Amino acid sequence: MSGTAVYEVRRLSGEDEFHSALVLRHEVFCVEQGVPAHEELDGRDHEGLHLVAISAGEVVGTCRLLMVGPTAQFSRLAVRQGLRRQGIATALLELAEQEARRAGSSRLVLHAQTYAQRLYEQAGYRIRGRVFVEAGIEHIAMERRLG
Ligand SMILES: CC(C)(COP(=O)(O)OP(=O)(O)OC[C@H]1O[C@@H](n2cnc3c(N)ncnc32)[C@H](O)[C@@H]1OP(=O)(O)O)[C@@H](O)C(=O)NCCC(=O)NCCS
């Protein structure tokens, strides 16, 4: 699939979609970016709230929120390769913010891959630390306070 996509973002629904989201994460993080599968699957998926972007009935984007006290940890943001730069990640970030507010979180935190820092800055995140390497990839901690 490629070209301009019509998509919706919402909470993940059911085991089939969960499986599709994990397949997409594997393709993007493990195959494309070389992250070891045991790091991608960190054992915390069952605690998470998973969001998806759906286009033509397929999961084309996904991310995860973990609520830890007043902090919502955002991670595992992946968009299918042929459908990037169309606002899908931005739409997932917006929905994640709504979900975090609904859960009563006072802030959202994430580890951004430095190449994608602009994506998060545009969504209102600010840097809160130094660059570090995780799974062989440069990251930087960012946060967004929810007023
Ligand atoms: C990062 C990723 C999730 C972005 O998804 P996306 O749907 O293409 O993002 P958006 O279309 O919402 O991008 C919004 C803005 O973010 C910035 N951005 C997005 N991808 C970028 C890239 N590869 N390089 C630089 N800036 C980028 C741009 O400012 C972009 O606006 P523009 O397209 O008008 O220039 C996607 O490239 C991806 O899945 N990458 C592989 C996995 C990954 O790196 N995940 C993030 C871990 S922190």
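Above: the structure in question.
Quick summary incoming for the structure in this document. Being a predicted model, the structure only gives us computed values, none of them experimental.

## Structural notes on the overall build of the protein
Right, on to step 1. Along its length, the protein carries four helices and seven strands.
Right, on to step 2. Moving toward the C terminus, one meets the helices and strands of the protein in the order β-α-α-β-β-β-α-β-α-β-β.
Right, on to step 3. Over its C-alpha atoms the protein spans a radius of gyration of 14 Å, differing by no more than 12% from the 15 Å that the globule rule assigns to 147 residues.
Right, on to step 4. For the protein, the spread of C-alpha atoms along the three principal axes comes to 35 × 35 × 30 Å.
Right, on to step 5. Of all 147 residues assigned to the protein, the portion counted as buried reaches 44%.
Right, on to step 6. Within the protein, contacts between residues at least 6 apart in sequence are counted, and of these 60% link residues at least 24 apart.
Right, on to step 7. Looking at the protein as shown, the accessible area adds up to about 7900 Å², and 49% of this sits on carbon and sulfur atoms.
Right, on to step 8. When the 18 basic and 19 acidic side-chain charges of the protein are each reduced to a single mean position, those positions are 8 Å apart.

## Describing the environment of Leu110
Right, on to step 1. Within the fold, Leu110 resides in strand β5 (residues 107-113).
Right, on to step 2. Taking the C-alpha atoms as reference points, Leu110 and Arg144, separated by 34 residues in sequence, lie 8.9 Å from one another.
Right, on to step 3. The contact partners of Leu110, leaving out residues within four places of it in the chain, are Phe74, Tyr120, Tyr125, Ile140, Ala141 and Met142.

## Regarding helix α3 (residues 88-102)
Right, on to step 1. For α3, spanning 15 residues, the distance from its first C-alpha to its last is 21 Å, which sits close to the expected 21 Å at 1.5 Å a residue.
Right, on to step 2. Of the positions making up α3, those classed as buried are Ile88, Ala89, Ala91, Leu92, Leu93, Leu95, Ala96, Glu97, Glu99 and Ala100.
Right, on to step 3. Looking one or two residues beyond α3, the residue adopting positive phi is Gly104, at roughly 85°.

## Some thoughts on the site of the ligand
Right, on to step 1. Taken together, 21 residues surround the ligand, and among them Leu77, Arg85, Gly87, Thr90 and Tyr115 come closest.
Right, on to step 2. Gln113 has a polar side-chain atom sitting 3.4 Å from an oxygen atom of the ligand.
Right, on to step 3. Measuring from an oxygen atom of the ligand, one finds a side-chain N or O atom of Gln122 at 3.3 Å.
Right, on to step 4. Contact with the protein chains removes 80% of the 900 Å² of surface that the ligand exposes when unbound.
Right, on to step 5. Listing elements by their share of the shell around the ligand, those giving two or more residues are α1 (14-32), β4 (71-79), α3, β5 and α4 (117-122).
Right, on to step 6. Here the shell around the ligand gets four residues from one element, more than from any other, and that element is α4.
Right, on to step 7. Grouping the amino acids of the shell around the ligand by side-chain chemistry returns 11 nonpolar, seven polar and three charged.

Calculation rules
Residues numbered from 1 in each chain as written. Predicted model: local features only at pLDDT ≥ 70, side-chain atom pairs only at ≥ 80, totals over all residues. Heavy atoms only, no water. Helix = DSSP H or I, 4+ residues; strand = E, 2+ residues; numbered from the N terminus. Rg over C-alpha atoms; globule rule 2.2 N^0.38 Å. Buried < 20%, exposed > 50% of the residue type's maximum accessible area, 1.4 Å probe, protein only. Contact = heavy atoms within 4.5 Å. Areas by Shrake-Rupley, 256 points an atom, 1.4 Å probe, with all protein chains shown as cover. Lys, Arg positive; Asp, Glu negative; His and termini not counted. Charge placed at Lys NZ, Arg CZ, Asp CG, Glu CD. Expected span 1.5 Å × (residues − 1). Near = heavy atom within 4 Å. Polar contact = N/O pair within 3.5 Å; in protein donor to acceptor, adjacent residues only side chain to side chain. Nonpolar A, V, L, I, M, F, W, Y, C, P; charged D, E, K, R; others polar.

Keep in mind these numbers describe shape, not what the thing actually does.
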